[in-house]
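# Fold and geometry: a report
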2 protein chains.
Amino acid sequence: MAVTMNDVAKAAGVSLKTVSNVINNYEFIRPATKQRVLDAIDELGYETNLTARSLRSGKTKMLGLVLADLSIPYYAELASDIMKAAWSRGYRVLVEQSGNEAEHEKAALQGQFRSLTDGLLFIPLTLGAQQIIDAAGKKPLVLLGEFVQDPRLDMVLIQNHEAAAAVTTHLLAGGRRRIAVLGADDGETTGSAGLRLSGYKAALADAGVEYDPALVVRCEWRRDGGAAAVAGLLDSGADFDAVFGLNDALALGALHELLVLGKRVPEEIAVAGFDDIEEARFASPSLTTVAPGRAEIAERAVELLIERIEGNMAAPEVRQLQAAFELRVRKSAT
Amino acid sequence: MAVTMNDVAKAAGVSLKTVSNVINNYEFIRPATKQRVLDAIDELGYETNLTARSLRSGKTKMLGLVLADLSIPYYAELASDIMKAAWSRGYRVLVEQSGNEAEHEKAALQGQFRSLTDGLLFIPLTLGAQQIIDAAGKKPLVLLGEFVQDPRLDMVLIQNHEAAAAVTTHLLAGGRRRIAVLGADDGETTGSAGLRLSGYKAALADAGVEYDPALVVRCEWRRDGGAAAVAGLLDSGADFDAVFGLNDALALGALHELLVLGKRVPEEIAVAGFDDIEEARFASPSLTTVAPGRAEIAERAVELLIERIEGNMAAPEVRQLQAAFELRVRKSAT
DNA sequence: CTGAAAGCGCTTACAG
DNA sequence: CTGAAAGCGCTTACAG
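Residues numbered from 1 in each chain as written. Chains lettered and ligands numbered in written order. Predicted model: local features only at pLDDT ≥ 70, side-chain atom pairs only at ≥ 80, totals over all residues. Heavy atoms only, no water.

### What to know about the side chain of R176 of chain A
Residues and elements named next belong to chain A. For clarity, the threshold we go by: Strands here mean DSSP runs of E at least two residues long; helices mean DSSP runs of H or I at least four residues long; both are numbered from the N terminus. Summary of the burial criterion: residues with accessible area below 20% of their type's maximum are buried, those above 50% are exposed, and those between are partly exposed, where the area comes from a 1.4 Å probe applied to protein chains only. Two residue types count as positive, namely Lys and Arg, and two as negative, namely Asp and Glu; His and chain ends fall outside the count. Any carboxyl oxygen of Asp or Glu within 4 Å of a side-chain nitrogen of Lys or Arg constitutes a salt bridge here. N or O atoms closer than or at 3.5 Å make up a polar contact, with two conditions inside protein: a donor-capable atom paired with an acceptor-capable one, and, for residues adjacent in sequence, both atoms drawn from side chains. We call two residues in contact whenever any of their non-hydrogen atoms come within 4.5 Å of each other.
Secondary-structure assignment places R176 in the loop between α8 (160-173) and β6 (179-182). Despite being buried, R176 has no salt bridge partner; D241 is the closest side chain of opposite charge, sitting 5.5 Å away. Side-chain polar atoms of R176 contact the backbone oxygen of P266, separated by 2.8 Å. The contact partners of R176, leaving out residues within four places of it in the chain, are L171, D241, A242, P266, E267, E268, I269 and A270.

### Comments concerning the relation of the copies chain B and chain A
Quick reminder of the rule: Our superposition of the copies is a least-squares fit, built on the C-alpha atoms of residues whose pLDDT is at least 70 in both.
Mapping chain B onto chain A calls for a screw motion: a turn of 180° about the axis and a shift of 0.1 Å along it, with 0.1 Å RMSD after fitting. What the rotation and shift describe, once combined, is the action of a two-fold rotation axis. A high fraction, 100%, of the interface residues of chain B reappear at the interface in chain A, so the copies pair face to face through one surface.

### Quick look at the interface of chain B and chain A
Going by this rule: Using a 1.4 Å probe, buried area is obtained as the accessible area two parts lose upon being combined, added over both of them.
With 46 residues of chain B in contact, the opposing surface of chain A contributes 46 residues. Around 4,100 Å² of area is buried between chain B and chain A when both sides are counted, 61% of it from carbon and sulfur atoms. Between chain B and chain A we count 6 salt bridges in total. Here K84 of chain A and D69 of chain B are joined by a salt bridge, their closest N and O atoms 2.8 Å apart. One can count 15 residue pairs in polar contact (both at pLDDT 80 or more) joining chain B with chain A.

### A short note on the sheet that holds strand β2 (residues 92-97) of chain A
Think of a sheet as strands paired side by side through backbone hydrogen bonds, with each pair either parallel or antiparallel. Residues and elements named next belong to chain A. How we decide: A pair of strands is labelled paired if DSSP reports no fewer than 2 bridges between them. Structural elements are reduced to axes, namely lines fitted to C-alpha atoms, with helices fitted over the stretch in contact, and the angle between N-to-C directions of any two is expressed from 0 to 180 degrees.
Pairing in this open sheet of 6 strands is parallel, and the strands run β2-β1-β3-β4-β5-β11 from one edge to the other. Looking at the sheet topology across the chains shown, the edges are occupied by β2 and β11 (320-322). Between one strand axis and the next, the sheet turns by 20° as a mean value, whatever way the strands run. As paired elements, strand β4 (residues 141-144) and strand β5 (residues 155-157) share 2 bridges and run parallel to each other.

### What to know about the pattern of salt bridges
Counted according to the given criterion, the structure contains 42 salt bridges over all chains. Across the pair D224 of chain B and R222 of chain B runs a salt bridge whose closest N-O atoms are separated by 3.0 Å. Since its relative accessible area comes to 30%, D224 of chain B is described here as partly exposed. When its relative accessible area of 40% is taken as the criterion, R222 of chain B is described as partly exposed. R330 of chain B is the partner of D276 of chain B in a salt bridge, and the nearest nitrogen-oxygen pair spans 3.0 Å. Placement of the pair is D276 of chain B in the loop between β9 (270-272) and α12 (278-282) and R330 of chain B in the segment after β12 (326-328), with a sequence separation of 54 residues. Taken as a pair, D276 of chain B and R330 of chain B share a single burial class, namely buried. Counted as one network, the salt bridges with shared partners bring together D276, E326, R328 and R330 of chain A.

### Considering the protein's contact with DNA strand D
Test applied: We call a residue near a molecule or strand when any one of its heavy atoms sits within 4 Å of it. Put simply, Ala, Val, Leu, Ile, Met, Phe, Trp, Tyr, Cys and Pro go in the nonpolar bin, Asp, Glu, Lys and Arg in the charged bin, and everything else, Gly too, in the polar bin.
Around DNA strand D, 24 residues are found, and the nearest of them are R53 and R56 of chain A together with S15, T33 and R56 of chain B. For DNA strand D, the backbone makes up 65% of the atoms found within 4 Å of the protein, where backbone means sugar plus phosphate. Within the contact set of DNA strand D, a phosphate oxygen lies 3.5 Å away from a side-chain nitrogen or oxygen of N24 of chain A. Take T33 of chain B: an N or O atom from its side chain is 2.7 Å from a phosphate oxygen of DNA strand D. Secondary structure elements with two or more residues in the surface near DNA strand D: α2 (16-23) and α4 (50-57) of chain A together with α2 (16-23) and α4 (50-57) of chain B. In terms of residue class, the surface near DNA strand D is made up of 9 nonpolar, 8 polar and 7 charged.

As structure tokens, this is what we get:
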């Protein structure tokens, strides 16, 4: 049905191999021959069948990207950056939504899905390091996010501890002393939440401010989670003059709820977040937050993964890269 | 390198065909044989090579989705819904970002990319109907959004006119008489902007309120576009008591800018949008808007496209479906 | 510089 | 119910 390389070869009066050479930019082709082939391609409207190429070459030129859900702004923005980074290197991205479910994460790691991609960018949310290592095949894998940390796995990291400390220090510098943290458990030490919480604690300690576990509230990292958490905190009669949401979504939810409940932000209560999604700039008041280096993360993750895919190193050293962060001071906590 | 069906066949002591039968759930297999094959699959860790299957069957079980950019919330939320709808029907989605550029849109329509998908969901932003028809191959294509309307093309539509009229009528019912429209040109009549503008005009006419072209401001459908547009309007000394942003992003940008400039919303100026992205609910004040039926659009578009892909109708009638909309009244315009 | 041939891993008539 | 064989459209040694 479709036009094949064979048709082109016949039309141009050359062999299959010559057409292939032209398509793959093999250097040593007589210009006249090349032109004839190109003309035939044009005339017949030939297009490479990428499926056939993949089967033969064993490469799909596609990267898998496993994340919870594209409706979460941070992931959507990251996915956009990753797709651009991949595209500029000749790769496409196949997104898989895990919905934050272990089954889906496992399926993405080992299922047939893997045969469609040359490597995987994976933002684990439920699976642990060992499970990932067990489930993952031999194909290259680069982790993003910090729910998992393991010296055996390639990953691109955010400076969670340092960035969270910077946010906290900024709040402290603004005179806040009772800073509520939304999105972590008091005892947590690992994963994004634990690392950010430890940065918060470190900043408090540096400033000689006492840590109060009553100000640490667990909640989902979503707008409605932040809203509920801050409402609960107010309800409980807790005394606080600032809120640090461990991501922007929940910080924005908290901000919204505070305003609904008649609190003045930042006069009575300052609010800060983490991620610097675009929405943060346009909230009212605009949200103070920290940019974790999203574009850099996307670039480096794609670069590293492609290096693994195309590299011929036998047993490469594990690489764990870190992106630079930047505090963004806005109206919600000046 | 990888385990193939042949390996499984040998291990199970059957022919290739039998393995294929088991994998594809062919009914008439002796249970014992089937079990032996399944055991072998399990033991060897066999996984179907989807690339090979695609080459042979001519189907990739992938749908292409072409949109401007995933960092735009409405598209991200729509993409998420579309991926879920496709997934539940056994299809994957390959997203292509056009960046709102004609070259990319054309490439997505006709390039090699097409060979990776069985059909395309396309949100055109720059290409016209004729260009789309010319560029598109013979593979199924379903359009989303309303920048293009043409009786020859399958599409799933938003009730732009009616929904915009509903928003406008709501603002009028709230006593507003000078309603600025952001995101359209005065003369526009086609595309999402034109259709929404015409709904606005119709609602004004119904209420006996005069249409004032000076209140119609063209701007990009993004947060910063809306912010700039409303700032320009205030600058020009225009007199208005409400703002209707033709999508939520620009309405939220306008809302933010109004508050920055010290206007009280909704007391002095009411604000309404279009799309009902999640962010709208958590803006402060929360944004009145209209939900265009995103989930329904996703479902029906996927359903229609798959029907085209799998259907065996020779020359099916063109189908143009419409989703139901719903006004969401919130604080920005009560 | 170019040709003839093998083979990537499946599915699918065609036999039996 | 199951086997042997062809072929999807490419790429890639191997020759020349």
